[in-house]
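Read off the chains here:
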Amino acid sequence: MRIAWRAPSQILSRPSSLRPPRRPPSFFLFQGRLALATMASAQPAPTAPAQVNGNGNGGGAVVDTTNKPPHKRANPGNNGGGHGKAREWKHKKTKREKNITEGSSEDVLRNDIRALLESRKAAEPASNDDDGSNGDATDELLPEEGSETDVEVLELSSTGDGLAMRPGGSRQVYVVPFSIPGDTVRVKVFRHVLRENQTVADFVSVVKPSPLRDDARVQCKYFASCGGCQFQMLDYPEQLRLKRRILEKAYRNFSNLPAELLPAIQDTIGSPLQYGYRTKLTPHFDGPPGYRPSKRSKNPGIPFESCPDVGFMQKGKRKVLDIEDCPIGTDAVRQGMTRERERMQREFKKYERGATILLRENTRRYPSGGDEVAPADGQLPPYAVRTEGDGFVDVKSCETDSKATTTEYIGDHIFTNPAGSFFQNNNSILPKFTSYIKERILPPASSSSSSSSPSSTPSSPIKYLIDAYSGSGLFTITLASVFQHSTGIDIAADSIASARKNASLNGLGEDRCKFIAADAGQLFKNVSYPRDETVVVLDPPRKGCDADFLAQLRRFGPKRILYVSCNVHTQARDVGVLVRGEGDGARYDVESLVGFDFFPQTGHVEGVAILNRHDGDKEPAQEPVGQMDS
């Protein structure tokens, strides 16, 4: 089943009042691995006009009548129009990124804006720089906050949003969602952030579409309102090209390595499914009017008077958009969403606050010729889906209990997990992904480290695997056949319990692999593999690896490292540490870098980096390449 999508004329326009200026802007990626930085103000902004005239003022608006340019009226450090001294605007990280010290979305956006400004400045005639101006955006008159203006999209940030400028020599960069290079778009200005040469803006409509844009590709009627997808208007090969650029920029901006120490980024490996691929979604609903999540214990018990909106966050608003279907979910998950929305219509009065609904695909496999026969389509349980494979039939359902056990298959391997636990959410790409890892987990048979000393002794074959951040055993189990013995380590005891069960389900005893519940920072105290015969797989959370863990890893010095990451920016930072090799421990050379598209239609890309220990004579560490000047 595929929901109807709007014609291009409907896609290109969106209400300009989507974001009330009193709210701080939050740029949400639903379930996604990337989010834009949130801006917060010390003072509430004036109420937006209901209708904006040519001067940016309208009925009911609080209007500043001073003669100062708009951006001087509340400029950080200045007194603005009788409002008193305004504080500096500061970025705030989303909850998902609070523990990311470097490589957060705000860092990513800042680097992309600076790169765009520098490229524009370099392209200008030299005479333009002889007027004594420092080129700051404070030299230009900016449109009123709350007004609309047309901008030209010049670049795409790694956050998934367009970076645009007004025609005529502007030096202020407008961050515009749902736009791509080549678009001319109408935007509603929300906030000027002068120290960052940045303006946060809402997408209103497309004035002139980019040659890359084709809104007939859009398969969701909520696209350009829901914060989940950014790229549905793009051809899939173009999405993959953009994701390769995201990886390139990540290593240029965050690895602190000279270009000659990095291999060329390989083409991004695409997902077999571009829609209908997500095996987990988490729609949610807000609490009733008057409910404040920050003061749960003080909230009165206010029941809902009607069924709340159930769906995902609107782009740029702390408000749920009512969404009855999500076309990037699998058929079973979409059926589960229908079922849960029907349940909420019946049971909404039971709730006194908002909640998140878990939708997780569960698979029951019936081998052909087995004792049990899969039910025919007309005999399926309600909301279940039947699919046929090579030698089996799968009946897929949707689980909503976070503690219930769900099952899925990757090739010949079976994995069970608590429904609410982490597991990769795109099953369609996992066979291709795990095969890629398996084919490259060992060095090429005819080569050793590219920078080894000519006089070094022949390398010992790699026999052992350490799977750090192992979770429920995805890599340990799918790679077990390659190694004499493997060890998976994770800080979460419940993940280790799932991993041990999964090893048993796949016929692996402790003579082949074992799992240890321990902090990854202490993992090398729990294994005794020879370093020359060991490869380490890293798959950390978004924040990447801690500095003490990287130091411990370098002191152990495994022969080879394969680093998988859902945040290519923190991955680039960590790879830089391993390659520079400052202080005690081994240093590494990068063999290859590639991205996998686990989340089509979004700006997210998964990175895989393969490194080999540098076994030549110890050379001085490369001096870090400085970040671009502020």
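Analysis parameters
Residues numbered from 1 in each chain as written. Predicted model: local features only at pLDDT ≥ 70, side-chain atom pairs only at ≥ 80, totals over all residues. Heavy atoms only, no water. Core = buried A, V, L, I, M, F, W, Y, C linked by side-chain atoms within 4.5 Å. Buried < 20%, exposed > 50% of the residue type's maximum accessible area, 1.4 Å probe, protein only. Helix = DSSP H or I, 4+ residues; strand = E, 2+ residues; numbered from the N terminus. Pairing = 2+ DSSP bridges. Axes fitted to C-alpha atoms, helices over the stretch in contact; angles between N-to-C directions. Parallel < 35°, antiparallel > 145°, perpendicular 65-115°, else oblique. Contact = heavy atoms within 4.5 Å. Nonpolar A, V, L, I, M, F, W, Y, C, P; charged D, E, K, R; others polar. Salt bridge = Lys/Arg side-chain N within 4 Å of Asp/Glu carboxyl O. Left-handed = near helix turned anticlockwise from the far one by under 90°. Phe/Tyr/Trp six-rings, centres within 6.5 Å; stacked < 30°, edge-to-face > 60°. Lys NZ or Arg CZ within 6 Å of the ring centre and 35° of its normal. UniProt positions renumbered as here; feature names shortened; annotations may be inferred. Polar contact = N/O pair within 3.5 Å; in protein donor to acceptor, adjacent residues only side chain to side chain. Expected span 1.5 Å × (residues − 1).

K.L.:
I keep staring at the nonpolar core and nothing clicks. Help me out?
P.N.:
For soluble globular proteins, nonpolar side chains are generally found buried alongside one another. The biggest cluster of nonpolar side chains holds 78 residues, and the ones touching the most others in it are Val176, Phe433, Ile437 and Val608. With four residues, the top contributor of residues to this core is helix H5 (residues 430–440). Counting 41 residues, the second largest nonpolar core, distinct from the first, contains Ile265, Ile516, Leu578 and Val605.

K.L.:
Whenever I open this one, the sheet that holds strand E14 (residues 385–389) confuses me. Can you help?
P.N.:
Working definition: the strands of a sheet are paired by backbone hydrogen bonds and lie parallel or antiparallel to each other. Pairing within the open sheet is antiparallel, and its four strands lie in the order E8-E13-E15-E14. The open sheet has two free edges, formed respectively by strand E8 (280–281) and E14, since each of these has just one partner strand. When E14 meets strand E15 (residues 392–399), the two strands line up antiparallel, connected through five bridges. Considered in E15, the bridge of glycine 389 is made with phenylalanine 392.

K.L.:
So what exactly am I meant to see when it comes to the pairing of strand E13 (residues 359–367) here?
P.N.:
Two faces belong to every sheet, and in a regular strand the side chains alternate between them. Here E8 pairs with E13 via two bridges, running antiparallel. For lysine 280, the partnering residue across the bridge sits in E13 and is arginine 360. Inspection of the sheet shows E13 paired to E15 by eight bridges, in the antiparallel sense. What sits directly across from glutamate 361, in E15, is cysteine 398.

K.L.:
Quick question: what am I supposed to make of the packing of helix H2 (residues 105–123) against helix H3 (residues 236–254) here?
P.N.:
Geometrically, a packed helix pair is captured by the angle between its two axes and the distance between the axes. The geometry of H2 relative to H3 is characterised by a closest axis approach of 11 Å and an angle of 90° between their N-to-C directions. In terms of orientation, H2 lies roughly perpendicular with respect to H3. Residues Asp107, Val108, Asn111 and Asp112 of H2 lie in contact with H3, whose contacting residues are Lys249, Asn253 and Phe254. Residue classes in the contact of H2 with H3 are distributed as two nonpolar, two polar and three charged.

K.L.:
Looking at this structure, how should I read the pattern of salt bridges?
P.N.:
Applying the stated criterion across every chain, the model contains 36 salt bridges. Aspartate 183 is paired through a salt bridge with arginine 213; the nearest N and O atoms lie 2.8 Å apart. Here aspartate 183 is found in the loop between strand E5 (173–176) and strand E6 (184–193), whereas its partner arginine 213 is found in the loop between strand E7 (198–208) and H3, with 30 residues between them in sequence. This pair shows no difference in class: aspartate 183 is buried, exactly as arginine 213 is. Between aspartate 546 and lysine 543 there is a salt bridge, with its nearest N and O atoms 3.6 Å apart. Take aspartate 546: its relative accessible area is 37%, and that puts it in the partly exposed class. Taken together, the shared-partner salt bridges connect Arg339, Glu340, Arg343, Glu347 and Lys350 into one network.

K.L.:
Looking at this structure, how should I read the packing of H3 against helix H9 (residues 568–580)?
P.N.:
Close contact between H3 and H9 brings their axes to 8 Å; oriented N to C, the two are set at 45°. What the angle tells us is that H3 and H9 run oblique. In the packing of H3 onto H9, the handedness of the crossing is right-handed. Only Val568, His569, Gln571, Ala572, Arg573 and Val575 of H9 make contact with H3, whose side of the interface consists of Ile246, Leu247, Ala250, Tyr251 and Phe254. Grouping the constituent residues of the contact of H3 with H9 by class yields eight nonpolar, two polar and one charged.

K.L.:
Quick question: what am I supposed to make of the packing of aromatic side chains here?
P.N.:
Two aromatic rings, taken as a pair, are described by how far apart their centres are and by the angle between their planes. Under the criterion given, the structure shown has 11 aromatic pairs. Seen in terms of ring centroids, tyrosine 436 and phenylalanine 596 are 5.2 Å apart; in terms of plane orientation they differ by 75°. Their pairing is edge-to-face. You can see tyrosine 436 sitting in helix H5 and its partner phenylalanine 596 sitting in strand E23 (residues 588–596), a full 160 residues away along the chain. Both residues of the pair, tyrosine 436 and phenylalanine 596, belong to the buried class. With a centroid separation of 4.5 Å and an interplanar angle of 15°, the aromatic rings of tyrosine 464 and tyrosine 529 are classed as stacked. In this pair, tyrosine 464 is assigned in strand E18 (residues 464–468) and tyrosine 529 in the loop between strand E20 (513–517) and strand E21 (534–538), connecting sequence segments 65 residues apart. Both residues of the pair, tyrosine 464 and tyrosine 529, count as buried. Each residue in the set Phe433, Tyr436, Phe475, Phe596 and Phe598 is aromatic and connected to the rest through ring pairs, giving one cluster. Directly above the ring of phenylalanine 190 sits arginine 191, whose terminal nitrogen or CZ lies 5.5 Å from the centroid. It is arginine 365 that lies over the ring of phenylalanine 392; its NZ or CZ is 3.6 Å from the centre.

K.L.:
Looking at this model, I keep getting lost on the UniProt feature "binding site: S-adenosyl-L-methionine" (unreviewed entry) in the chain. Mind explaining?
P.N.:
Taking the UniProt record as the reference, the feature "binding site: S-adenosyl-L-methionine" (unreviewed entry) is found at Gln424, Tyr469, Asp490 and Asp539. You can see aspartate 490 is positioned in strand E19 (residues 485–490). Under the relative-accessibility criterion, aspartate 490 is labelled buried at 12%. Only 3.4 Å separates the side chain of aspartate 490 from the backbone nitrogen of serine 470, close enough to count as a polar contact.

K.L.:
Before we go on, may I ask you to explain the sheet that holds E7 in this structure?
P.N.:
Strand order in the closed barrel formed by five strands is E3-E4-E5-E7-E6, and the pairing between neighbours is mixed. Across the sheet, the mean angle from the axis of one strand to that of its neighbour is 50°, orientation sign disregarded. Against the sheet, H2 engages strand E3 (148–156), strand E4 (162–165), E5 and E7, with an angle of about 40° to E4.

K.L.:
Looking at this structure, I do not really get H2. What am I missing?
P.N.:
Compared with an ideal rise of 1.5 Å per residue, which puts 19 residues at 27 Å, H2 spans 27 Å between its outermost C-alpha atoms and is within 8% of the ideal. Looking at H2, one finds that the buried residues are Ser105, Glu106, Asp107, Val108, Leu109, Arg110, Asn111, Asp112, Ile113, Leu116 and Leu117.

K.L.:
Would you take a moment to explain the UniProt feature "active site" (unreviewed entry) in the chain for this structure?
P.N.:
Summarizing the sequence annotation, UniProt attributes the feature "active site" (unreviewed entry) to Cys566 in the numbering used throughout. Tracing the sequence through the fold places cysteine 566 in the loop between strand E22 (560–565) and H9. A relative accessible area of 5% means that cysteine 566 is categorised as buried.

K.L.:
I keep staring at the pairing of E6 and nothing clicks. Help me out?
P.N.:
Burial runs high along E6: nine of the 10 residues are buried. As judged from the five bridges shared by E3 and E6, these two strands associate in the antiparallel manner. Paired with glutamate 148 across the strands is lysine 188, a residue of E6. Judged from the nine bridges that link them, E6 and E7 form a sheet pairing that is antiparallel. Residue pairing for E7: valine 193 is matched across the bridge by glutamine 198. Connecting E6 to the antiparallel partner E7 that follows it, the hairpin turn spans four residues, and asparagine 197 within it adopts a positive phi of roughly 50°.

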